[in-house]
Amino acid sequence: MPVREGIYGLLAEFDTPTELVMAAKASYGAGYRRMDCYTPYPVEEAAEAMGFDEPKEKGVSRVCLLGGILGGLAMFTLESWVSIWAYPLNIAGRGKFSWVAFIIPAYEWTILWAGLCAGFGMLALNRLPAPYHPLFNAPNFRNGATSDKFFLCLEADDPRFSVTDTRSLLESLHPVSVIEVEH
Amino acid sequence: MATKDISPQNPMIDPETGEQRVIAPGHTFRSVTEKLTRIVLTPHTPLGWFFGFALAGSIAMMLLVAVTWLFLKGTGIWGITMPVAWGFAIINFVWWIGIGHAGTLISAILLLFKQKWRNSINRFAEAMTLFAVVCAAMFPVIHTGRPWLAIYWLFPYPNTMNYWPQFRSPLMWDVFAVSTYATISVVFWYIGMIPDLGTMRDRAKSKFGRFIYGQMALGWRGSARHWMRYETASLLLAGLATPLVLSVHTVISFDFAVAIMPGWHTTIFPPYFVAGAIYSGFAMVLTLAIPIRKFYHLEDLITLRHLDNCGKVMLATGFIVAYGYMTDIAYAWYSADKWEFFMAWNRIFGPMGWSYWILIFSNIAFPLTTLWSRRLRQNVVYLFIVSLIVNTGMWFERFVIVVTSLTRDYLPSSWGTYRATRWDYMTFVGTMGLFTALFFLFIRLLPMIPMSEIRQILPGAKINEAELQHKGGD
């Protein structure tokens, strides 16, 4: 990834989730789109306020469904191939294609791959792992975002972003502080 | 609800419902974070921790000795023989994996049912699942005698012998059920821990701590978009773990039910095994939670409400187990099969009958008569004792199922008896040491109570709708 320089965005800190949601709504209303909220626990209203609707995105669910279908099919196919062609065993004259018995490992693999895809798919869609992020440069971010503070970041990529106007918008929303975050 | 034993002055009682609180009043985001991170990040490890870890570690050493000797000599050092070819190994396997099931029940099924009280106990219940699965999985593997040679008939992989496993065997189903269960439990546990690892990274003072927790947190920063996908993934994993946990013990019961041994060949086995698993698992949750909350002063977060609820779940699943025992006997009678009938009689009054009566006392007679009392369910000492008794009883349940059926089957000429050797006992007790040692490491190195989930149930976590409407307009 090329080294980026300059300002990443303006970061406003809030004490309560309600203030954060109001600020996110106001910024969204003012036309900002490149923004994100940072909270120590899931706050659905914050995601809604900035127009992010996970159920509509369906990314994680789709990956999970696909993983489940492929996992189940893979195991069932393997079992059938092994039992019919690769290594047929005749025990007490039972049929080679005894699909009822094959359901159980196939069922387990459906769950296995659906679960792995849900977990790792979520990480991939979130672009994690990402050990470095510009926000970690902000002095107050790491002290609060994972324990008891609520943050709103308006990013410099947004076409409406301007260091002065954006700062005055954020300051009108009663934050604890507004700081510039460098890349 | 009996309200006579509740004092209105007690701050732990919610005045609105008259129930014990899930979390003590007065906690804030910061106080919870401080309290839970300090347990791990403190440079001063409590002396009791060293003592406990050393004790558990020495017991785990015994397992190492027993397994080394086993690999040198073969499974002949165990008490297994004909007709009891399945001895302690399968009993311990079923017992341990059953214990693990309560962790998944708490983390997955109670999440789907939106039982918020589970939040503070779910992390360590899941850890309990993992470590129990580690102990359980060891038994079938070492029972093969030379596990490094067992791989080709346990796992389907292309090998030079052109050999493939037999997929119609319940023992193969076990391989897939248990390996899937272990994998999904690890993923669920780790994904659940990522936000808390972020907290640990940000609170750690030492450079080493910041680095390790930073790597493990994968760069979690609490973005609202991330949280929404994270919540979806958690729900999906919970939805997948629920049928999984039920299937695992069902498949294990198939190991028995598919065989034609009297006393094994019944359709009641799957539900009765699953209920028994949850019964013993909740008992183990209590066995672990009671000393931990005392030692680390976590009474604010693991309250009497949690212990009370665990008692209630045990009461319910205990009755399903009791129903299973009755069905077993009713089946023997109704089948008009003299071998089944003899098996039931032999189980209760035969030479191994003492084990049946231990099981009746410790799974039914004692817990199911006393767990009704709310006063007792909120008595920590009683709960600890009952949890130990139930775990003993559930071990004997598996002993009864395995041993009494095998010692006396169809042909009296092939009857025998079973006597475990010292290596059997050393292996079994050794896994308890391993389990406890792993648990000690877990509570010392990782946050045992999920902070991000505790924050959600704090009073400050709710969005103030009125304020939002009012100020949102201007």
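In this text the structure is predicted, and so the values were computed from the model without any measurement.

Peer 1: Could you give me a rundown of the pairing of strand β3 (residues 150-155) of chain A, with the residues and numbers involved?
Peer 2: All names here are of chain A. Within β3, 5 of the 6 residues are buried, which leaves it mostly tucked inside the rest of the structure. As judged from the 6 bridges shared by strand β1 (residues 7-14) and β3, these two strands associate in the antiparallel manner. For glutamate 13, the partnering residue across the bridge sits in β3 and is phenylalanine 151. Alignment of strand β2 (residues 35-38) against β3, held across 4 bridges, turns out to be antiparallel.

Peer 1: Before we move on, could you go through the interface of chain A and chain B and cite the residues and values that matter?
Peer 2: On the chain B side, the residues contacting the 62 residues of chain A number 56 residues. Breaking the side of chain A that touches chain B down by element, the ones donating at least two residues are α1 (17-29), β2, α2 (44-49), α4 (59-86), α5 (99-125) and α6 (141-144) of chain A. It is α5 of chain A that provides the largest number of residues to the side of chain A that touches chain B, a total of 17 residues. For the side of chain A that touches chain B, a count of residues per class yields 40 nonpolar, 14 polar and 8 charged.

Peer 1: Outline the packing of helix α6 (residues 170-203) of chain B against helix α7 (residues 207-217) of chain B, listing residues and values.
Peer 2: Residue and element names in this part refer to chain B. Where α6 meets α7, the closest approach of the two axes is 8 Å, and the angle between their N-to-C directions is 155 degrees. One finds that α6 runs roughly antiparallel with respect to α7. Once α6 is placed against α7, the crossing between them reads as left-handed. Between α6, through Ile194, Leu197, Gly198, Met200 and Arg201, and α7, the contact on the second element is made entirely by Arg210, Tyr213, Gly214, Met216 and Ala217. Its residues assigned to classes, the contact of α6 with α7 comprises 6 nonpolar, 2 polar and 2 charged.

Procedures and definitions
- Per chain, the residues get numbers from 1 upward, laid out in the order the sequence is written.
- In the order they appear in the text, chains get letters beginning with A and ligands get numbers beginning with 1.
- At least 70 in pLDDT is required for a residue's local features to be given in this predicted model, at least 80 for side-chain atom pairs to be given and counted, and no such filter applies to totals for whole chains, interfaces and linings, which use all residues.
- Any residue with 12 or fewer other C-beta atoms within 10 Å of its own C-beta is exposed, any with 20 or more is buried, and the rest are partly exposed; the C-beta atoms used are placed from the backbone.
- Elements are defined by DSSP. Helices are runs of H or I of four residues or more, strands are runs of E of two residues or more, and each kind is numbered from the N terminus.
- Strand pairing is assigned whenever DSSP identifies at least 2 bridges connecting the two strands.
- The contact rule is simple: place each C-beta atom from the backbone, and if two of them lie within 7 Å, those residues are in contact.
- Only Asp, Glu, Lys and Arg are considered charged, only Ala, Val, Leu, Ile, Met, Phe, Trp, Tyr, Cys and Pro nonpolar, and every remaining residue, Gly among them, polar.
- All axes are obtained by fitting lines to C-alpha atoms, using only the stretch in contact for helices, and the reported angles, taken between N-to-C directions, cover 0 to 180 degrees.
- Throughout, the term roughly parallel applies to angles under 35 degrees, roughly antiparallel to angles over 145, roughly perpendicular to angles from 65 to 115, and oblique to all others.
- Each crossing is labelled by how the near helix is turned from the far one, with a counterclockwise turn of less than a right angle marking it left-handed and a clockwise turn marking it right-handed.

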